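An overview of the molecular structure
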Amino acid sequence: MSSIKEHFQIPDRYKKWSFALIGVGIVSLIIGFILYGSVNQGARFWGALLQNSVYFLLTVNGAMFFFAACTLAVAGFQLSFRRVTEAVAACVIPIGIITFVILCCLVFGGKTAIYEWLDRSHVAKDAALNGKSGFLSVPFFMTWTILTIGLWSFLGWKLRQISRSIDDTPLSRDDQKKYNFKNSVWSALFIVWFALTVASVTPWLWLMSLDAHWGSTMFSWYNFASTFVSGLALITIFVIYVKNQGYLEYVNEEHLHDLGKFMFAFSIFWTYLWFDQFMLIWYANISEETVYFKVRFEGAYAGIFYLNLIINFLCPLLIFMTRGSKRNWGTVTFMSVLLIFGHWLDYYQMVFPSKTISPDHVPLNLFDFGVALGFVGLIMWRTGHVLSKYPLLAKNHPFLKESIVHHT
């Protein structure tokens, strides 16, 4: 262990890039507020904030899901880069706070141009919305949002604390059993809450209620698949970056191959959900359901609709199909960046075609990219900060040897 570089030192160039991107985000916010803040209740401005905050929050929370799922599956292969996963997952706290503030501004600011169900007089006259008024209400929305972000942050923090608690203390066999049991219990709690939120209620509230008359039981699973792929891609990018800086000596092509397989597999899973949701609605041809896809499939967003499918399905299918591509550092890096952008685009077409925001034209411009880059800078800063605070290697973990000798 003496030859292993356990502590990550943040390169000056990395710091400059992270702060520069945060600066781009702040400048974009200011310019966006000036240009769009007073037009249609600022729907253009708030739509961009909602899209980016929710997307990046669910993406970094996907890293925490990967951590917890691997713990419950007793998957030791990822121990060589586990601290990278933990660092990415630590971004849930700052991005969660930002998302909460944005949602508070939307709800308590009465932004009916974003959430039409906030207009209670309109809801009272609309039979469909009135039937959902118990669910689509400010008390339920805010209570569930507080519980969602609060427990994501707390449970993730607790799991990271447990992981780091053995860094300075070798474990006896009995202590290893206790440690594994404790880890499993808290991971199970996280997975249960993750299922109740990401795979269930939360995307309905934050995103599906933008089109409050429309509903899909597959929508939350679709969101899970999208952001889990982008979460895996984000972990992979940081693993490759830290490895290229001379750290993570135990990480090799075998681990890269596994990360590539995960991205490939869940890209296919995302496509399965995408096709099922679209095909069932198209085949049934019920006007209350087709209204969601009509504006995206036939309207101004048709180009983004097809580009979304090309990037998030065809590219990983054709590029990741071969074994060699998943073991090539350059190819995997390119695909990781592409998939993060592709699923960001997926969330763009979830938010902006909504009938109260911009259903007739695509307002995509530098403002949207600037806000996204601000979140990228924040993730870079937070991840680098956490990586530099704690050892890069969980050297006393019972399954570390399994990761070192891992072979696919």
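For the structure itself, consult the block above.
Described in the following lines is the structure provided in the data block. Bear in mind that the values here come from a model prediction, so they are computed numbers and not experimental data.

1. Brief notes about the overall build of the chain
Helix and strand counts for the chain come out as 15 helices and 0 strands. Scaling as 2.2 N^0.38, a compact globule of 408 residues should have a C-alpha radius of gyration of about 22 Å, and the chain matches this with 22 Å. Within the chain, the proportion of its 408 residues that are buried is 56%. In the chain, 82% of the contacts between residues at least 6 apart in sequence involve partners at least 24 apart. Carbon and sulfur atoms provide 68% of the accessible area of the chain, an area that totals close to 16,900 Å². Across the chain, the centroid of the 30 positively charged side chains sits 7 Å from that of the 23 negatively charged ones.

2. A closer look at helix α4 (residues 92-108)
An ideal rise of 1.5 Å per residue puts 24 Å on 17 residues; α4 measures up with 23 Å between its terminal C-alpha atoms. Where α4 is concerned, the buried positions are Val-92, Pro-94, Ile-95, Gly-96, Thr-99, Ile-102, Leu-103, Cys-104, Leu-106 and Val-107. On its buried side, α4 packs onto α2 (43-72), α3 (82-89), α7 (138-164), α8 (173-206) and α14 (366-389). Positive backbone phi, approximately 65°, marks Gly-110, located one or two places after α4.

3. Some thoughts on the packing of helix α12 (residues 302-319) against helix α13 (residues 329-351)
Where α12 contacts α13, the two axes come as close as 9 Å, and the packing angle between them is 155°. Considering the angle they form, α12 stands roughly antiparallel to α13. Between α12 and α13 lies a crossing of left-handed hand. Along its contact with α12, which presents Ile-304, Phe-305, Leu-307, Asn-308, Ile-311, Asn-312, Cys-315, Pro-316 and Ile-319, the element α13 presents Thr-331, Phe-334, Met-335, Leu-338, Leu-339, Phe-341, Gly-342, His-343, Leu-345, Asp-346, Tyr-348 and Gln-349. When the residues that make up the contact of α12 with α13 are grouped by side-chain class, the tally is 14 nonpolar, 6 polar and 1 charged.

4. A word on the pattern of salt bridges
For the coordinates displayed, the defined rule picks out 12 salt bridges. The salt bridge partner of Glu-86 is Arg-82, with a shortest N-O separation of 3.7 Å. With a gap of 4 residues between them, Glu-86 and Arg-82 both fall in helix α3, about one helical turn apart. Of the residues examined, Glu-86 reaches a relative accessible area of 0% and is grouped as buried. Close ionic contact of Asp-211 with Arg-296 constitutes a salt bridge, the shortest N to O distance being 3.6 Å. Taken together, the positions of Asp-211 in the loop between α8 and α9 (219-244) and Arg-296 in helix α11 (residues 287-297) put the pair 85 residues apart, joining distant regions of the chain. Of the two residues examined, Asp-211 and Arg-296, each falls in the buried class. Via salt bridges that share partners, Arg-82, Arg-83, Glu-86, Arg-164 and Asp-167 belong to a single interconnected network.

5. A short note on the packing of α3 against α7
In contact at an axis separation of 10 Å, α3 and α7 are set at 150° when each is read in the N-to-C sense. Taken together, the axes of α3 and α7 are roughly antiparallel relative to one another. Considering the relative orientation of α3 and α7, their crossing is left-handed. Residues Arg-82, Arg-83, Glu-86 and Ala-89 of α3 pack against Arg-160, Ser-163 and Arg-164 of α7.

6. What to know about the packing of aromatic side chains
Across all of its chains, the model carries 50 aromatic pairs by this definition. Consider the rings of Phe-135 and Phe-140, whose centres lie 5.4 Å apart with planes at 50°: the pair is tilted. Using a relative accessible area of 27% as the deciding quantity, one classes Phe-135 as partly exposed. Residue Phe-140 is classed as partly exposed on the basis of its relative accessible area, which comes to 31%. Measuring from centroid to centroid gives 6.0 Å for Phe-154 and Trp-186, while their planes differ by 70°, and the two rings are edge-to-face. On the criterion of sequence distance, the pair formed by Phe-154 in helix α7 and Trp-186 in helix α8 is long-range, its members being 32 residues apart.

7. Notes on α9
Taking 1.5 Å of rise per residue, 26 residues should cover 38 Å, and α9 covers 38 Å from first to last C-alpha, within 8% of that figure. Extensive coverage of α9 is indicated by the burial of 21 of its 26 residues. One or two residues past the end of α9 sits Gly-246, with phi positive at roughly 100°.

8. Looking at the side chain of Gln-349
Tracing the backbone shows Gln-349 in helix α13. Reaching out from Gln-349, the side chain makes a polar contact with the side chain of Asp-346 at a distance of 2.8 Å. Excluding anything up to four places from it in sequence, Gln-349 contacts Tyr-222, Arg-296, Ile-304, Phe-305 and Asn-308.

9. Quick look at the environment of Lys-261
You can see Lys-261 is positioned in helix α10 (residues 253-284). Along the backbone, Lys-261 and Met-321 are 60 residues apart, and their C-alpha atoms lie at a distance of 9.1 Å.

10. Brief notes about the nonpolar core
By size, the foremost hydrophobic cluster in this structure holds 124 residues, and its most contacted members are Ile-95, Ile-114, Tyr-115, Phe-141, Trp-206 and Leu-207. The element best represented in this core is α2, accounting for 19 residues. Among residues more than four places away in sequence, those in contact with Ile-95 are Ser-53, Phe-56, Leu-57, Val-60, Phe-375, Leu-378 and Ile-379. Within the second largest apolar cluster, 5 residues are counted, among which are Ile-4, Leu-79, Ala-394 and Leu-400.

11. Some points on unusual backbone geometry
Its identity as a non-glycine residue notwithstanding, Gln-41 has a phi of 60°, on the positive side. Relative to the helices and strands, Gln-41 resides in the loop between α1 (12-36) and α2. Note on Gln-41: relative accessible area 34%, which makes it partly exposed. Positive phi values are uncommon outside glycine, yet Leu-248 reaches one of about 50°.

Reading the values: rules and limits
Residues numbered from 1 in each chain as written. Predicted model: local features only at pLDDT ≥ 70, side-chain atom pairs only at ≥ 80, totals over all residues. Heavy atoms only, no water. Helix = DSSP H or I, 4+ residues; strand = E, 2+ residues; numbered from the N terminus. Rg over C-alpha atoms; globule rule 2.2 N^0.38 Å. Buried < 20%, exposed > 50% of the residue type's maximum accessible area, 1.4 Å probe, protein only. Contact = heavy atoms within 4.5 Å. Areas by Shrake-Rupley, 256 points an atom, 1.4 Å probe, with all protein chains shown as cover. Lys, Arg positive; Asp, Glu negative; His and termini not counted. Charge placed at Lys NZ, Arg CZ, Asp CG, Glu CD. Expected span 1.5 Å × (residues − 1). Axes fitted to C-alpha atoms, helices over the stretch in contact; angles between N-to-C directions. Parallel < 35°, antiparallel > 145°, perpendicular 65-115°, else oblique. Left-handed = near helix turned anticlockwise from the far one by under 90°. Nonpolar A, V, L, I, M, F, W, Y, C, P; charged D, E, K, R; others polar. Salt bridge = Lys/Arg side-chain N within 4 Å of Asp/Glu carboxyl O. Phe/Tyr/Trp six-rings, centres within 6.5 Å; stacked < 30°, edge-to-face > 60°. Polar contact = N/O pair within 3.5 Å; in protein donor to acceptor, adjacent residues only side chain to side chain. Core = buried A, V, L, I, M, F, W, Y, C linked by side-chain atoms within 4.5 Å.

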